[in-house]
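Understanding the architecture of this molecule
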Amino acid sequence: MKLTSITAALMLAATPLMAQDQMKLMLDWFVNPDHGPVIVAQEKGYFAEQNLEVEIIAPADPSDPPKMVAAGQADLAISYQPQLHLQIHEGLPLQRVGTLVATPLNCLLALEDGPIKTPADLKGKKVGFSVGGVEEAVLAAILAKYELTLDDIELINVNWSLSPSLMSKQVDAVIGAFRNFELNQMDIEGVAGKCFFVEEEGLPPYDELIYVANTDTMDKDMIARFLAATEKATQYIVNHPQDSWEIFSGTSKELQDELNKRAWADTMPRFALRPTAMDVGRYEAFEAFLNEAGLIPSINEVSKITIDVTAK
């Protein structure tokens, strides 16, 4: 009997542990404080607790991640709610499966001591942008509040050089600046900026950063476990802001600077505390907004845009 027990114990010890499910996550850009819950979940072992091995990849081109998910080259991508609406109408098999940053970060940015005191002052002025389509619709909605149109301004594509083009006075304002980054970047360089928050200037509120998956091939159980890990990480961040900052910034020397430290503090309150929660009205309203702006030809049902992966 004793020998049998020893033999069984030896056999159990020789049995390999169950392999973790592997996931490939594409970020929307290089690692930055917007990705706090993902990095903290990785560093604290929360993904491993969910039997996941997550490969986190920064893209060479920020427009690539959703396309890679649509093509089956990644399981998840961090993307933007406004872009998702457009991409679905373009035929990409994508759905929002979770939320990372639950408020807009986008703002219309001008110089604090410049000529733009309100968006009404943009008439006849130059406005820089990085991404056509959505940013133009956002700007058009802001201008409409002040009885202006895009014909009243000069749009200039400054690529990703938003704050530098504003500080050098190449443009009078920029749209698409993130309030947690560009505003801090300018302040650090000694130039005060003024943000006009898009959700206060005529736009329906939306989720800035979301997780998207392939509608046809997504593994809902695996994604639900991924989101459970990031939810736990978000709770840790909220409860332990300094410790979580040290964990996050400790992953790279490039993160250990004043800009990222300020951005971390500004981003923390905006992380989705319930990443799987689905706000139907928010997605309905933004779909209707894009349709009214002429950017999409019809209105999709919310069930085509977003899904609750935890629903039975």
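Model, not experiment: these values are computed from the prediction.

For the rest of this paragraph, the subject is the sheet that holds strand E3 (residues 76-79). As summarised here, the arrangement of the 5 strands in space is E2-E1-E3-E10-E4, forming an open sheet in which the pairing is mixed. Two strands close off the open sheet at either side, each with one partner strand: strand E2 (52-57) and strand E4 (94-101). On average, each strand axis in the sheet is tilted by 25° relative to the strand beside it, whichever way the strands run. Pairing of E4 with strand E10 (residues 209-214) involves 6 bridges; the strand directions are antiparallel. Within the sheet, the bridge partner assigned to Arg 96 lies in E10 and is Val 212. Its contacts with the sheet place helix H2 (residues 36-43) against strand E1 (21-26), E2, E3, E4 and E10, and it is angled at close to 135° to E2. Running at roughly 180° to E4, helix H5 (residues 81-89) makes contact with E3, E4 and E10 of the sheet.

Scanning the entire structure with this criterion turns up 9 aromatic pairs. Here Trp 29 and Phe 30 contribute two aromatic rings whose centre-to-centre distance is 5.2 Å and whose plane-to-plane angle is 45°, an arrangement assigned as tilted. What makes Trp 29 partly exposed here is its relative accessible area of 30%. Taking the centre distance of 4.9 Å and the plane angle of 25° together, the rings of Phe 248 and Trp 264 count as stacked. A residue pair is termed long-range when its members are at least 10 positions apart, and Phe 248 in helix H10 (residues 241-249) and Trp 264 in helix H11 (residues 258-267) qualify at 16 residues. According to the relative accessible area criterion, Phe 248 is buried, its value standing at 0%. The class of Trp 264 is buried, set by a relative accessible area of 3%.

For the rest of this paragraph, the subject is the environment of Leu 255. Here Leu 255 lies in the loop between H10 and H11. On the basis of relative accessible area, Leu 255 is assigned to the buried category, the value being 5%. In sequence terms Leu 255 and Trp 245 are 10 residues apart; their C-alpha atoms lie 9.9 Å from each other. Contacts of Leu 255, omitting those with residues within four sequence positions, involve Val 31, Asn 32, Trp 245, Phe 248, Ser 249 and Asn 260.

We now examine the state of the cysteines. Tallied over the full model, the rule gives 1 disulfide. Note on cysteine connectivity: Cys 107 is disulfide-linked to Cys 195, with sulfurs 2.2 Å apart. Within this pair, whereas Cys 107 is found in strand E5 (residues 106-111), its partner Cys 195 is found in strand E9 (residues 193-197), the two being separated by 88 residues in sequence.

Let's shift gears to helix H9 (residues 220-239). The first and last C-alpha atoms of H9 sit 28 Å apart over 20 residues, in line with the 28 Å expected at 1.5 Å per residue. Those residues of H9 that sit buried are Met 222, Ile 223, Arg 225, Phe 226, Leu 227, Ala 229, Thr 230, Ala 233, Thr 234, Tyr 236 and Ile 237. Between a side-chain oxygen at the N-terminus of H9 and the backbone nitrogen of Asp 221 the separation is 3.2 Å; the capping residue is Asp 219.

Okay, the sheet that holds E5 next. Ordered by their spatial adjacency, 5 strands build an open sheet running E7-E6-E8-E5-E9, and the pairing between neighbours is mixed. Each edge of the sheet is formed by a strand with only one pairing partner; in this case those strands are strand E7 (154-157) and E9. Averaged over all pairs of adjacent strands, the angle between strand axes in this sheet comes to 35°, irrespective of strand direction. Bridging between E5 and E9 involves 5 bridges; their strand directions are antiparallel. Within E9, the position partnered with Leu 108 by the bridge is Phe 196.

Spanning 13 residues, helix H12 (residues 280-292) covers 18 Å between terminal C-alpha atoms, matching the ideal 18 Å at 1.5 Å per step. All of the buried residues along H12 are Arg 282, Tyr 283, Phe 286, Glu 287, Phe 289 and Leu 290. Across the axial projection of H12, the buried residues extend over an arc of 160°, all falling on one side. Those residues of H12 that are buried are in contact with H5, E4, helix H6 (134-145), E10 and helix H13 (302-305). Structurally, the start of H12 carries an N-cap: the backbone nitrogen of Gly 281 is 3.2 Å from a side-chain oxygen of Asp 279.

Per-chain confidence: the protein chain averages 93 in pLDDT, with 94% of residues scoring 70 or above. Low pLDDT, under 50, characterises residues 1-16; the stretch is placed with 0 contacts to residues that sit more than four places away or in other chains.

With that settled, the discussion passes to the environment of Thr 251. Tracing the sequence through the fold places Thr 251 in the loop between H10 and H11. Taking the C-alpha atoms as reference points, Thr 251 and Glu 284, separated by 33 residues in sequence, lie 38 Å from one another. Excluding its chain neighbours within four sequence positions, the residues that come into contact with Thr 251 are Ile 39 and Glu 43. Within the structure, the side chain of Thr 251 is placed 2.7 Å from the backbone oxygen of Phe 248, a separation counted as a polar contact.

About the cut-offs
Residues numbered from 1 in each chain as written. Predicted model: local features only at pLDDT ≥ 70, side-chain atom pairs only at ≥ 80, totals over all residues. Heavy atoms only, no water. Pairing = 2+ DSSP bridges. Helix = DSSP H or I, 4+ residues; strand = E, 2+ residues; numbered from the N terminus. Axes fitted to C-alpha atoms, helices over the stretch in contact; angles between N-to-C directions. Contact = heavy atoms within 4.5 Å. Phe/Tyr/Trp six-rings, centres within 6.5 Å; stacked < 30°, edge-to-face > 60°. Buried < 20%, exposed > 50% of the residue type's maximum accessible area, 1.4 Å probe, protein only. Disulfide = S-S within 2.5 Å. Expected span 1.5 Å × (residues − 1). Polar contact = N/O pair within 3.5 Å; in protein donor to acceptor, adjacent residues only side chain to side chain. Arc of directions from axis to C-beta. pLDDT = per-residue confidence, 0-100.

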